[in-house]
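Given next are the chains, with one letter for each unit.
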Amino acid sequence: MSDAQAIGDVVEGALKARAIEPKAGEQDAGHTHETACLNCGTALLGSHCHACGQAAHVHRTLGAFFHDLLHGVFHFEGKIWRTIPMLVWRPGELTRRYIEGQRARFVSPLALFLFCVFLAFAVYHQTASETTYQGMSSPQDAARAEKAIEGKIARLEAERAELKRKGQDTEQVDDKLDGQRTALEITREVRSNVDKPDQKVSDISAIDNAVKKFRENPALTAYKAQNYAYKYSWALIPISVPFLWLLFPFSRRFHLYDHTVFVTYSLSFMTLLSIAVMLVALTDYDGLVALLLLAPPVHMYKQLRGAYGTSRLGGIVRTFALSIFACIALTLFVIFIAAESGA
C-alpha cells in the first residue's frame, strides 16, 4: 500500500469520525463581519449562529479550504488530546464521566473507535510484510515458494557461518533465519492445504467453506478477509455488549447504554494497542511487544473499577470473566468474517 493510500485511510477515518460530532466543542473563529447567518439567515448574536452553529464569517480562499480540511482531520473536536490520555491511563473515569453527561470535553466513543479502526488498518497495510502465501494457488506455486525460501535459508546459514568464523556478531543474521524458518513452516502448511482442497476441516459450514476458498486462492481470500474485517469492525460492539451485561445481570444501576459506552471505549484502546504492537514489532524490542500484550487485562480491570465502582476482588473476578468473554466475542467475529470472505 502506498504512503498516499495510508494517509488517505487516516483522513477518511478522521472525516467519518468528524461526521458523528460535526461541531460540538470547537473554538470560536473570532469573526463577526456579517449581521445575519449566511446559512440560515438568522440574526447573529456572536461569532457563531445560535440556530445552526455555522461561523459568522466564511472565508473564500484556497488557504481557508485547506485549513478546514486539516481542522476537520486532525482536530476533530479538538478533544482528542484530552480523550486519548484518559483512555490509556484512566479509562474507567473517562467512561463514567461520558455516561454522566460530560460530552463536550471528550471525543464520543463511536467517533474515537472509527478513527482508531481506520488508523489501525492504514498502519497495518503500511507495515505488514508481503504475505508468504501470496500467489500460491496451486501445488506448483507452493513448491516454488518453498524452494525460494529454502534458498534464502541456505544463503543466510552460509553468511552466519562466515561471520562466526571471523568472530563477529551473528544476532542480525539469526533474527533473519528465524523469520525465514517461520515463513518456511507457514509455506509448507499452506502447501499441504493446497494439496488437499477437499479435506473437511470444520463441522461449521461457514468456516469449512472459507477454508476451501483459502485453499483455492489464498491471496484473494486473505485480501477479502481484511476488507470485510475493516468494513464490519463495528460489529464487535453489538457482539460484545451482551457479554458485558452478563457481568451485571439485572442490575438497575447500569443499563445497556452504559455497557455500550464501556465496550466502545475499550475496543478503541485495544485498537490503539494493536497499532502500538505493529509499530514496535518493526524494531528489535521484542520484550516490549510481550509487555504490551499484558496490557489488555490491566486496562479492563482499571476500566471496570472506574466505570462501575467495583471492589478490588470484584474487579479481578470480572476482569477474568471479561477476558474469556472477549475471546469468545472475537471468535464469533472471526467466524462472521470467515463466512463473509468465503461466500
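Residues numbered from 1 in each chain as written. Predicted model: local features only at pLDDT ≥ 70, side-chain atom pairs only at ≥ 80, totals over all residues. Heavy atoms only, no water.

Caption draft 1: Focus on the pattern of salt bridges. Taken as a whole and assessed by the stated rule, the structure comprises seven salt bridges. One salt bridge in this structure joins R181 and E157, with 3.2 Å as the shortest N-O distance. Residue R181 is located in helix α7 (residues 171-195), and its partner E157 is located in helix α6 (residues 139-165); the two are separated by 24 residues in the primary sequence. R181 gets classed as partly exposed once you look at its relative accessible area, which sits at 37%. Its salt-bridge partner being D174, residue R160 comes within 2.5 Å of it at the nearest N-O pair. Of this pair, R160 sits in helix α6 while D174 sits in helix α7, placing them 14 residues apart in sequence. On the basis of relative accessibility, which here comes to 23%, the residue D174 falls in the partly exposed class. (Salt bridge = Lys/Arg side-chain N within 4 Å of Asp/Glu carboxyl O. Helix = DSSP H or I, 4+ residues; strand = E, 2+ residues; numbered from the N terminus. Buried < 20%, exposed > 50% of the residue type's maximum accessible area, 1.4 Å probe, protein only.)

Caption draft 2: Here's a closer look at the packing of aromatic side chains. Counted under the stated rule, the structure contains nine aromatic pairs. Each ring, one from Y98 and one from Y265, has its centre 6.0 Å from the other, and the planes form 90°; the classification is edge-to-face. In this pair, Y98 sits in helix α4 (residues 91-99) while Y265 sits in helix α11 (residues 256-280), placing the two residues 167 residues apart along the sequence. Exposure remark for Y98: the relative accessible area of 8% places this residue in the buried category. A network of ring pairs unites the aromatic residues F248, F254, F262 and Y308 as a single cluster. (Phe/Tyr/Trp six-rings, centres within 6.5 Å; stacked < 30°, edge-to-face > 60°.)

Caption draft 3: Structural context of the nonpolar core. Counting 25 residues, the largest nonpolar core has L244, L247, F262, L304, Y308 and L322 as the members making the most contacts within it. Only α5 (109-127), α10 (236-245), α11, α13 (295-308) and α14 (312-341) provide two or more residues apiece to this core. If near-sequence neighbours (up to four positions away) are discounted, L247 is found in contact with L304, R318, A321, L322 and F325. Counting 20 residues, the second largest nonpolar core, distinct from the first, contains L87, L94, F106 and L292. (Core = buried A, V, L, I, M, F, W, Y, C linked by side-chain atoms within 4.5 Å. Contact = heavy atoms within 4.5 Å.)

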